[in-house]
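One letter stands for each residue in the lines below.
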Amino acid sequence: MEAMEEAPVAASMEPSSVPWLSRWDIWILISFIISITLVILYDMSAKFRYYFKFAIYVIVCSITALFIIPPSLIRPRNVKNVLMGIPFVKPISKIVGIHWEVVNKDILAKDFPCVIVCNHQSAWDFMLIVELWQVMQKCACVAKRAIMYVFPFGWSAWLSGTVYINRSNPGECKTMISASAQQIQETKTKLWIFPEGTRSKRANLLPFKKGAFYIAVQNKLPIVPVVVSPYTFINDEKKIFNTGKVLVKVLPPIDTSNVTPDGISKLVENCWELMNNEYHKLTQTVQKIAGKDAVHSFAPSRESKSNLSFPNGDRRS
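Residues numbered from 1 in each chain as written. Predicted model: local features only at pLDDT ≥ 70, side-chain atom pairs only at ≥ 80, totals over all residues. Heavy atoms only, no water.

The protein chain is annotated in an unreviewed UniProt entry as 1-acyl-sn-glycerol-3-phosphate acyltransferase from Orchesella dallaii. In its Sequence similarities (unreviewed entry) section, UniProt records this for the protein chain: "Belongs to the 1-acyl-sn-glycerol-3-phosphate acyltransferase family." (UniProt positions renumbered as here; feature names shortened; annotations may be inferred.)

Asker: Even after reading the chapter, I still don't get the packing of aromatic side chains, so can you show me in this structure?
Answerer: The geometry of two aromatic rings is summed up by the distance between their centres and the angle between their planes. Counted under the stated rule, the structure contains 15 aromatic pairs. Judged by centre distance (4.6 Å) and plane angle (75°), the rings of Phe-151 and Trp-155 are edge-to-face. Looking at Phe-151, the relative accessible area reads 49%, which means it is partly exposed. An aromatic cluster of three or more residues is present, and its members are Tyr-50, Tyr-51, Phe-54, Tyr-57, Trp-100, Trp-124, Tyr-231, Phe-233 and Phe-241. (Phe/Tyr/Trp six-rings, centres within 6.5 Å; stacked < 30°, edge-to-face > 60°. Buried < 20%, exposed > 50% of the residue type's maximum accessible area, 1.4 Å probe, protein only.)

Asker: Would you explain the layout of surface pockets in this entry?
Answerer: Over the atoms, a rolling probe the size of a water molecule traces out where space has been left empty. A volume near 950 Å³ is recorded for the largest pocket. Along its surface, the largest pocket is lined by 40 residues, and Tyr-57, Ala-123, Phe-126, Ile-147 and Phe-153 are the ones closest to its centre. Residue assignment for the lining of the largest pocket shows that the elements contributing at least two residues are helix 2 (46-72), helix 3 (86-89), helix 6 (125-136), strand 3 (139-144) and helix 7 (153-159). Broken down by class, the residue content of the lining of the largest pocket amounts to 26 nonpolar, ten polar and four charged. Size it by volume and the second largest pocket reaches roughly 420 Å³. Around the second largest pocket sit 18 residues that line it, and Ile-165, Cys-173, Lys-209, Gly-211 and Ala-212 are the ones nearest its centre. Among the elements of the structure, strand 3, helix 8 (170-187) and helix 9 (211-218) are those that each provide at least two residues to the lining of the second largest pocket. Sort the elements by how many residues they give to the lining of the second largest pocket and helix 8 lands first, with four residues. Looking at the lining of the second largest pocket residue by residue, the class counts come to eleven nonpolar, two polar and five charged. (1 Å grid on protein atoms, 1.4 Å probe; cavity = no way out; pocket = protein on both sides within 12 Å on 5 of 7 lines; lining within 4 Å. Points joined across faces, edges and corners; volume = space filled by probe spheres on them. Helix = DSSP H or I, 4+ residues; strand = E, 2+ residues; numbered from the N terminus. Nonpolar A, V, L, I, M, F, W, Y, C, P; charged D, E, K, R; others polar.)

Asker: I keep staring at the UniProt feature "transmembrane region" (unreviewed entry) in the protein chain and nothing clicks. Help me out?
Answerer: Taking the numbering used here, the UniProt-annotated feature "transmembrane region" (unreviewed entry) corresponds to residues 24-42 and 54-74. In residues 24-42, helix accounts for 100% and strand for 0%; the two terminal C-alpha atoms are 27 Å from one another. Within residues 54-74, the helical portion is 90% and the strand portion 0%, while the C-alpha atoms at the span's ends are 31 Å from each other.

Asker: When you look at the packing of helix 9 against helix 10 (residues 264-290) in this model, what are you seeing that I'm missing?
Answerer: Helix-helix packing is characterised by the crossing angle of the two axes and by the distance between the axes. The N-to-C vectors of helix 9 and helix 10 enclose an angle of 120°; their axes lie 10 Å apart at closest approach. With respect to their mutual orientation, helix 9 and helix 10 come out oblique. Our pair here, helix 9 against helix 10, has a crossing hand that is right-handed. Residues Phe-213, Tyr-214 and Val-217 of helix 9 form the contact with helix 10, whose participating residues are Ile-264, Leu-267, Val-268 and Cys-271. Its residues assigned to classes, the contact of helix 9 with helix 10 comprises seven nonpolar, no polar and no charged. (Axes fitted to C-alpha atoms, helices over the stretch in contact; angles between N-to-C directions. Parallel < 35°, antiparallel > 145°, perpendicular 65-115°, else oblique. Left-handed = near helix turned anticlockwise from the far one by under 90°. Contact = heavy atoms within 4.5 Å.)

Asker: Please explain the pairing of strand 2 (residues 114-118) as it appears in this structure.
Answerer: In regular strands, side chains alternate between the two faces of the sheet. Of all five residues in strand 2, five are buried; the element is thus mostly enclosed. Side chains Cys-114, Ile-116 and Cys-118 project from strand 2 onto one buried face, and the interleaved Val-115 and Val-117 project onto a second face that is buried too. Examined bridge by bridge, strand 2 and strand 5 (residues 190-193) share four bridges and lie parallel to one another. Across the sheet, Ile-116 pairs through a bridge with Trp-192, a residue of strand 5. Where strand 2 lies against strand 6 (residues 223-228), four bridges are found, and the strand directions are parallel. (Pairing = 2+ DSSP bridges.)

Pasting the structure below:
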């Protein structure tokens, strides 16, 4: 009788345990297959690596932005809000294979208000700012207004002091940035602007727009030029994203205290010439480093401002 009573108990336990184990086995198998597939695709397909690295960039930035929105609401428009997310976003560069080598970063470590002007080539330029944010501590970026409506990144950036401008309306742009200038001076914040106005991958920098220089002169703020070498390992047209080094040089601040409004055009011209010459030097150096692995190759010409370009130089990526 005892044997007969034990049998049903054993039988009743078996059906509930086996399916549970089987479900776990299936999930483990599926995860293994997906992981192996991703590794194979990453190793064999340049196009897959290109999109995979951008996916990491977008996903990590978006998740980080989402999590820093609630604490940022306690002190909205404070430029230090962004520092909460830097430890989570900064490793992206190492993950995707971008190595930043920054010369004279100690200039940006000084606690003084200024206008930073930097050449603009790619969406990855943001990772340079991330790389330097903990050095600068207080930095506000100027970005196109369309980014503000990209949730959650745009909202998080606004709460962290980003100045959004309407590029189609120069007068409004000037007003928006001017309104922030007083706060920038009071809090000793650095204002980061891309004076070319759009992304460019050419042998020479695009002509600079005057907005950043008007603000600097109007408020007697020094201008700090930051020059970034070409991303020789990224080709957006061919969808190639290898690993590589980006050289960055922070140039000495340019004093604007004695510049009058009539002298702004000359100031813009001199700053462009200074940065363009440095861009040529960095280009030649970084191409020697990249060697045959470079996916972009050109010889900058000091005589021409527009006729030479990368293979995808006419493209705005």
